[in-house]
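Survey of secondary and tertiary structure
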Amino acid sequence: MDAIRIHGGVPLKGEIPISGAKNAALPLMAACLLTDEPLVLSNVPALADIKTMSALLQQHGAEISRSDDGHTLNLHVGAITSTEAPYDLVRKMRASVLVLGPLVAREGVARVSLPGGCAIGTRPVDLHLKALSALGAEIEMANGYVEARIPAGQKRLKGAHFTFPMVTVGGTENVLMAAALAEGETVIENAAREPEIADLAECLIAMGAGITGLGSGTLKVQGVESLHGAHHSVVPDRIETGTYAVAAAITRGKLKLTNTRVDLLDSVIDAMRQTGVEVRSDETSITVTASDRLAGVDVMTEPYPGFPTDMQAQWMALMTTADGAAMVTETIFENRFMHVPELGRFGADVNVHGASAIVRGKVDLTGAPVMATDLRASVSLVLTGLAAAGETTVNRVYHLDRGYERLEEKLAACGARIERIKGV
């Protein structure tokens, strides 16, 4: 496995272009199953998860071509050749379950393995299944697979009024895609409000679906018999944006983040400003400047527009360098403090009490060999290594490749002493 070696203590200065959002691109790719015409997606990040989703879609019958720069995908599913998403592919990535709704909506049947992904806590698909059941799908669980079908004698799913008992991003995406081909109107209450949901809805609208309520907790979908092809640009990655904003702050540097939007991460920007970090923005860029003294700031993860759980580990890393104490509370996933012992190897002072962690900052961080446990934990260790004195080696960085495009190159271009070590 590859590792990343960092010699820390260098303030970062320069520009970093932000890639398209992985968490938007994956459901957008799954949407190609809803039509027999080409779907062209631009601003797609070049990541391991994109390759995994491509492989899954190809075994369903998708023809996929990529532009020379790798950031535009042409996806065409003239005919679905298989309605099964096998374990060997689905186990690699939780987002694979997003083919369930499109498959049953277009073909009337789907058999999808229960998903895998990062080991950050229980993420059951029961809410996906309840929502699809409300649209009339018959659901069975057998041998580790979800089997869904439209009842005999019925050609399409039926529109329905469904309220999610708790917010679920993947569940909202699955039922939103299925409802686009259902008969009649579907109303989705307590829908996730993440920008990636609105991005998917905008693409479905471009494909011919009727959807209102974008950005709100209530989505109304007017189903159609068929959807057509479209061209859609993936929304900028708000988590990558937030991660590099923290990179500027934790190294006490100055970075201009381009090809992004400040409105996608208001909660993170607000928290950063409270620490004393200067954040300036325009329509397509954010400039982050940090001085030596930063204040500790408490955060609690919440569904959008609250502070994102995918920024929790990065924020904790930043707080290890701030003055005073800060409390970080995780309300989304029950097992998302696995990076805490690794932060301790740098000399960080972090104590976990149930769903909260107390970070006592302004310690002298020193480089150390550490091991990544999941995607966002991985990058928090890189960020800490950038701030720590001496050498850090981050092992098991395949997690990083799932969510950050050209991480080492982007950081090195801004002065970071960072390199990838192959096959460690």
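In this report, we go over the structure that sits alongside the text. Please read these numbers as outputs of a predicted model, since none were measured by experiment.

Quick look at the overall build of the chain now. A tally of helices and strands in the chain yields 14 helices and 24 strands. Relative to its length of 424 residues, the chain is compact, with a C-alpha radius of gyration of 22 Å against a globular reference of 22 Å. Taken over the C-alpha atoms alone, the chain extends approximately 70 × 45 × 45 Å along its principal axes. By residue count, 56% of the 424 residues in the chain fall in the buried class. Carbon together with sulfur atoms contributes 49% to the accessible area of the chain, which is approximately 15,800 Å² in total.

A word on the sheet that holds strand E8 (residues 138-142). Ordered in space as E6-E7-E9-E8, the 4 strands form an open sheet in which the pairing is mixed. Two strands in the sheet have a free side with no partner beyond their single neighbour: strand E6 (84-85) and E8. Taken together, the 5 bridges between E8 and strand E9 (residues 145-149) define a ladder with antiparallel strand orientation. Each bridged residue has a counterpart across the sheet, and for Ile139 the counterpart in E9 is Ala148.

Before going further, it helps to examine the pairing of strand E23 (residues 391-395). Bridge count between strand E1 (residues 3-7) and E23: 5 bridges; the pairing is antiparallel. Paired with Arg5 across the strands is Thr393, a residue of E23. Relative to E23, strand E22 (residues 369-371) runs parallel, the two being bridged by 3 bridges. Of the residues in E23, the one forming a bridge with Met371 is Asn395. In this view, the connection linking E22 to its parallel neighbour E23 by way of helix H12 (residues 375-387) has right-handed handedness.

We now examine the packing of aromatic side chains. In this structure the tally under the stated criterion is 2 aromatic pairs. Measuring from centroid to centroid gives 5.0 Å for Phe162 and Phe164, while their planes differ by 90°, and the two rings are edge-to-face. Looking at Phe162, the relative accessible area reads 13%, which means it is buried. Given a relative accessible area of 1%, Phe164 falls into the buried group. Over the ring of Tyr145 we find Arg111, and its NZ or CZ is 3.9 Å from the ring centre.

Turning to the environment of Gly344, a few remarks are in order. Within the secondary structure layout, Gly344 lies in helix H11 (residues 340-345). Separated by 298 residues in the primary sequence, Gly344 and Ala46 place their C-alpha atoms 32 Å from one another.

Formed by 142 residues in total, the largest nonpolar core has its most connected members in Leu176, Leu204, Met272, Trp315 and Leu411. It is helix H8 (residues 238-250) that provides the largest number of residues to this core, a total of 8 residues. Leu176 has contacts with Ile188, Ile197, Leu200, Ala201, Leu204, Ile211, Leu219 and Val221, leaving out every residue within four places of it along the chain.

Analysis parameters
Residues numbered from 1 in each chain as written. Predicted model: local features only at pLDDT ≥ 70, side-chain atom pairs only at ≥ 80, totals over all residues. Heavy atoms only, no water. Helix = DSSP H or I, 4+ residues; strand = E, 2+ residues; numbered from the N terminus. Rg over C-alpha atoms; globule rule 2.2 N^0.38 Å. Buried < 20%, exposed > 50% of the residue type's maximum accessible area, 1.4 Å probe, protein only. Areas by Shrake-Rupley, 256 points an atom, 1.4 Å probe, with all protein chains shown as cover. Pairing = 2+ DSSP bridges. Right-handed = clockwise from strand over helix to strand, strands pointing away. Phe/Tyr/Trp six-rings, centres within 6.5 Å; stacked < 30°, edge-to-face > 60°. Lys NZ or Arg CZ within 6 Å of the ring centre and 35° of its normal. Core = buried A, V, L, I, M, F, W, Y, C linked by side-chain atoms within 4.5 Å. Contact = heavy atoms within 4.5 Å.

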